[in-house]
Amino acid sequence: MPELTARKLLVLDLDETLVYATEIPLGHPEDFRVGPYYVYPRPHLTAFLADMQSLFDIGVWTASGERYAIQIVQRYFAPESLAFVWSSERCTLARDLESGNYLTLKNLKKLRRRGYLLEQIIAVDDTPSKYRRSYGNLVTVSEFTGDPGDAELPLLGRYLRSLAGVPNVRQIEKRRWRQQVAHLP
């Protein structure tokens, strides 16, 4: 069993959470291109990442492919700053018994091998269904579609700061996190 880590782990999604990638360019310049995709970072991304790296270990887990994920990570994260970069290969396929469709899940229990207890893991994603087995760890953000006026990350950063010292993040109600930010000191 690996040694338990002292810091909490912040697991960040890429697409529609930190960046927007589209084959059709938007009305403002992209930051760069990955294959056929024009990539637009969410406003305030650099400051958000710098702030979060001072508080948490950070990992990236996307349902996109590995080559794509690595190119995005290389653009926005400092080398060696991440605990891991996981892509679709690490996701779990599960069947939704109601619809019969298959869902892509991010099973946070896989991170125990890296020394993280579920109580220490905060996941940030725009798609709650990906964490349906770990809702107690999830902070759901609004979907980012390239809007240069988006202001989600400064709010999110303020909220995540409030969770850094909480012994068990799973015990904190996170569904109305934006309202909670208004009451933070």
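What counts and what doesn't
Residues numbered from 1 in each chain as written. Predicted model: local features only at pLDDT ≥ 70, side-chain atom pairs only at ≥ 80, totals over all residues. Heavy atoms only, no water. Helix = DSSP H or I, 4+ residues; strand = E, 2+ residues; numbered from the N terminus. Rg over C-alpha atoms; globule rule 2.2 N^0.38 Å. Buried < 20%, exposed > 50% of the residue type's maximum accessible area, 1.4 Å probe, protein only. Lys, Arg positive; Asp, Glu negative; His and termini not counted. Charge placed at Lys NZ, Arg CZ, Asp CG, Glu CD. Patch = residues over 30% accessible without salt bridge, like charges linked within 9 Å, V, L, I, M, F, W, Y side chains within 5 Å. Areas by Shrake-Rupley, 256 points an atom, 1.4 Å probe, with all protein chains shown as cover. Salt bridge = Lys/Arg side-chain N within 4 Å of Asp/Glu carboxyl O. Arc of directions from axis to C-beta. Contact = heavy atoms within 4.5 Å. Phe/Tyr/Trp six-rings, centres within 6.5 Å; stacked < 30°, edge-to-face > 60°. Lys NZ or Arg CZ within 6 Å of the ring centre and 35° of its normal.

Some points on the overall build of the protein
Next, step 1: The number of helices and strands found in the protein is four helices and ten strands.
Next, step 2: The linear arrangement of helices and strands in the protein, starting from the amino end, is β-β-β-β-α-β-α-β-β-β-β-β-α-α.
Next, step 3: Since a compact globule built from 185 residues should have a radius of gyration of about 16 Å, the 16 Å found for the protein is in line with a globular shape.
Next, step 4: Each of the three principal axes of the protein carries a C-alpha extent, and together these read 45 × 45 × 35 Å.
Next, step 5: Considering the protein as a whole, with its 185 residues, one finds that 46% of them fall into the buried category.
Next, step 6: Taking the average place of the 24 positive charges on the side chains of the protein and the average place of its 22 negative ones, the gap between the two points comes to 7 Å.

Some details on a positive patch on the surface
Next, step 1: On the surface, a cluster of positive charge is made up of K109, R112, R132, R133 and R170.
Next, step 2: Here R170 shows up in the loop between α3 (152-163) and α4 (177-181).

So, helix α1 (residues 45-53)
Next, step 1: Here α1 has its buried residues at L45, F48, L49 and M52. One side of α1 carries all its buried residues, which in axial view fall inside an arc of 95°. The exposed residues of α1 that point more than 90 degrees off its buried face are T46 and A47.
Next, step 2: As for α1, its buried residues are in contact with β1 (9-12), β4 (37-41), β5 (57-61), α2 (66-76) and α3.

Points about the environment of R113
Next, step 1: Looking at the element boundaries, R113 is found in the loop between β8 (102-105) and β9 (121-125).
Next, step 2: For R113, a relative accessible area of 67% puts it in the exposed group.

So, the pattern of salt bridges
Next, step 1: Following the criterion strictly, the structure yields eight salt bridges and no others.
Next, step 2: Between K106 and D13 there is a salt bridge; the shortest N-O distance is 3.1 Å. Taken as a pair, K106 in the loop between β8 and β9 and D13 in the loop between β1 and β2 (19-22) lie far apart in primary sequence, 93 residues in all. For the pair K106 and D13, one class covers both residues: buried.

Re the side chain of S87
Next, step 1: With respect to the helices, strands and loops of the structure, S87 is situated in the loop between β6 (84-86) and β7 (92-95).
Next, step 2: Ignoring any residue separated from it by four or fewer positions in sequence, one finds S87 in contact with W61, T62, S64, G65, E66 and A69.

Observations concerning the packing of aromatic side chains
Next, step 1: Applying the stated criterion across every chain, the model contains five aromatic pairs.
Next, step 2: Centre to centre, the rings of F84 and W86 are 4.6 Å apart; their planes meet at 45°, and the pair counts as tilted.
Next, step 3: Under the relative-accessibility criterion, F84 is labelled buried at 4%.
Next, step 4: Geometrically, the ring pair formed by Y159 and W177 is tilted, given 5.7 Å between the ring centres and 35° between the ring planes. Of this pair, Y159 sits in helix α3 while W177 sits in helix α4, placing them 18 residues apart in sequence.
Next, step 5: Three or more aromatic residues joined by ring pairs make a cluster, and in this case those are W61, F84 and W86.
Next, step 6: The positively charged end of R33 is found above the aromatic ring belonging to Y38, 4.1 Å away from the centroid.

Read these as layout, nothing more, since geometry by itself doesn't imply function.
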